[in-house]
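The lines below spell out each chain.
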Amino acid sequence: MSLRDELLKPIWFAFTALDVDKSGKVSKSQLKVLSHNLCTVMKIPHDPVALEEHFKDDDEGPVSNQGYMPYLNKFILDKATSDFSRQDFNTMCWTLCYRKNLDQCQLLISNEDAFKIWCIFIFLSEDKYPLIIVSEEIEYFLRKLTEAMGGIWVEERYENYKLHLDAKQQCLSAWELIRLVSSGQFSKGMDLQTLSMGINEVYQELIMDVLKQGYMMKKGHKRKNWTERWFVLKPNLIYYYISEDLTEKKGDIVLDGNYTVESLADKEGKKCLFMIKSPQKSFEISASDKKKKHEWMQAIQTCVTLLRQGRQAPHREARHKRREMRLKQQADQEELALRMRELQMANEAKQQELENMRKALEEAAANAAEEERRRLQTQTELQDRYQMDLEKEKMVRQQMEEQMAQKSTELEQYLQRVHELENMYKQLEDALEDERRARQDEEMVRKLQARLLEEEAAKRAELEQIHLQQQQAISETEAEKQELQRERQAKEHALQVAMNQLTELEQERQGALQQYQTVMKKLEVAANNTKSWKHKVAEHEGLLRLIQPGSKGPQLFTNWGPSAFTDNELSQREKQWQDMKNQVTPAQ
């Protein structure tokens, strides 16, 4: 439905409210006020001179609505855009019309609830005037209202109500629908507060395009803290407020086809996490339980899918499909009625033909009876005189009887054909009834197939999401595996280098050990030699030593007395001994 068609319906209610005597005409002063209010609400510059110019030849009397429509289209609807408040627009039209059509004292619901039902009526009504809502849309609205109130839909109750609608051609006006809801006929056992909440929920979905709303936790982008927000999901937007009274909006998420919804593992003490992700920004959200998490993810994914496909909101698509189905059924019914009229006309023509034949047979029988009377009279008068003529008359009578028998046989054949045509007409009616039932069964199967296709599409989308997650996990696992392989190869290379170094150190230790053993053998030989020499000196010379002149500096001593080498030689020998000792110690 275009914006112009949606705006014309509330304007029609406002115009008819100004038409007090229901003559289809409204005074120019009232039209000026109506036009000014429409331009103010729709944020269109108002030109009061244009209305005077439009009706400059009709200044004396009232103006017809046919004359107002060209002005409305040219100066108001052609300039209308979608940047004005539709709720304010509907409220203005409602204010003009509800007082003249509703008695507030007799209504059990509030004026606000009546306004919401009026808006729902405009959304579900047919695109023809005067505006009505058909029984199928009435059932759709009452079923959604019952579900919103948490009640159980009773099909038998509505079927009984439809019997009452037969006299009114299965439709209601806006004011009759408001009185029906206010009467409580379909909300038995529910209090007024529950009824008001149910009306508001249906209004939010159908009129405000609110697909889902509720409290959830949202992670901040700067402070990274978790705060509770009231989320409102629309076909292309997600608003989040501080509370459900919608007084303070904290932000919004503009959806498009690039958004995705991903489930997250529990972290930071939060459960039931999921992410609304786009190439530019991501939002982490925590639901209260798994059911709400799944419902929100599915609802958001449905909106993204519809945006990708360029389709409308689900309830608007459903309304369009129902209207297309009704138009198709109406066309089928008209075609069936045309065929029935053709058959009826053919049957009437055949009946007229049979009636003409019956009248011809009756005339022939009357003529034969009159001829028989004349013949008998002639036979009585001329019996003796015309004996030969009597015999001839007998022959004529026999021929006439044969003709009568033949006519009777033809009449029986025609009556039999009439009976056959009646049977054919009855069989045709049965065939049409079977066709109608088959169409109903086909429609049920089509709805079932549509539901199964929707479930299959949702399941396929879920499986594709799982497949993508699995592919991502496999890619991450493969990357980790390659990194671990590189680390293992690096460690193996380092281990090999360490082993080589250890082998070299082992070889050096073996060499140092051999040098140490060699030195020890030399020391042992030197010690043995020293002992033998000491023994010889002690034995041959005793403890006497020759006294020789000493040096001026400090004199060095060894185990055998004053040293026989210089200071430099002693330093060099100490250095060699220390180096040998350092080489032997690490090897051990």
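Draft legend 1. Molecular detail of the overall build of the protein chain. Per the secondary structure count, the protein chain includes 14 helices and 13 strands. Scored against the burial criterion, the 588 residues of the protein chain give a buried share of 27%. Sequence-distant contacts, at least 24 apart, represent 61% of the contacts inside the protein chain between residues at least 6 apart.

Draft legend 2. The pattern of salt bridges, seen in detail. Taken as a whole and judged by the stated rule, the model has 38 salt bridges. Residue E401 is joined to R397 by a salt bridge in which the shortest nitrogen-to-oxygen separation is 3.4 Å. With a gap of four residues between them, E401 and R397 both fall in helix α13 (residues 387-540), about one helical turn apart. The partly exposed category is assigned to E401, whose relative accessible area is 45%.

Draft legend 3. How the structure looks around the nonpolar core. Counting 71 residues, the largest nonpolar core has L38, Y68, W118, F141 and I178 as its most contacted members. Here Y68 is in contact with F15, L31, L34, S35, L38, L51, F55 and I76, once residues within four sequence places are set aside. Ranked by size, the runner-up nonpolar core spans 21 residues in total, among them Y259, C272, A287 and V304.

Draft legend 4. Fine view of the pairing of strand β7 (residues 237-241). In terms of burial, β7 is largely enclosed, as five of its five residues are buried. Side-chain alternation along β7 places L237, Y239 and Y241 on one buried face and I238 and Y240 on a second face that is also buried. Pairing geometry for strand β6 (residues 226-233) and β7, over four bridges, is antiparallel. The partner of F231 across the bridge, within β7, is Y240. Pairing analysis gives five bridges linking β7 to strand β8 (residues 249-254), with the strands arranged antiparallel. Of the residues in β8, the one forming a bridge with Y239 is D252.

Draft legend 5. Structural context of the packing of aromatic side chains. Taken as a whole and judged by the stated rule, the model has 22 aromatic pairs. Look at F13 and F121: their rings are 6.1 Å apart centre to centre, the planes differ by 70°, and that puts the pair in the edge-to-face class. With F13 in helix α1 (residues 3-18) and F121 in helix α6 (residues 111-124), this residue pair connects regions lying 108 residues apart in the sequence. You can call F13 buried: its relative accessible area is 4%. Of the residues examined, F121 reaches a relative accessible area of 0% and is grouped as buried. Relative to Y161, the ring of Y158 lies with its centre 6.3 Å away and its plane at 40°, an arrangement referred to as tilted. Taken as a pair, Y158 and Y161 lie in helix α8 (residues 155-165) at a separation of three residues, close to a single helical turn. Taking relative accessible area as the criterion, Y161 reaches 8% and is therefore assigned buried. Each residue in the set W12, F13, W94, Y98, F115, W118, F121, Y129, W175 and Y203 is aromatic and connected to the rest through ring pairs, giving one cluster. Taking NZ or CZ as reference, R319 lies 4.1 Å from the ring centre of F123, over its face. One cation-aromatic arrangement involves R322 over Y140; the distance from NZ or CZ to the ring centre is 3.8 Å.

Cut-offs and rules
Residues numbered from 1 in each chain as written. Predicted model: local features only at pLDDT ≥ 70, side-chain atom pairs only at ≥ 80, totals over all residues. Heavy atoms only, no water. Helix = DSSP H or I, 4+ residues; strand = E, 2+ residues; numbered from the N terminus. Buried < 20%, exposed > 50% of the residue type's maximum accessible area, 1.4 Å probe, protein only. Contact = heavy atoms within 4.5 Å. Salt bridge = Lys/Arg side-chain N within 4 Å of Asp/Glu carboxyl O. Core = buried A, V, L, I, M, F, W, Y, C linked by side-chain atoms within 4.5 Å. Pairing = 2+ DSSP bridges. Phe/Tyr/Trp six-rings, centres within 6.5 Å; stacked < 30°, edge-to-face > 60°. Lys NZ or Arg CZ within 6 Å of the ring centre and 35° of its normal.

Read these as spatial facts, not as claims about activity.
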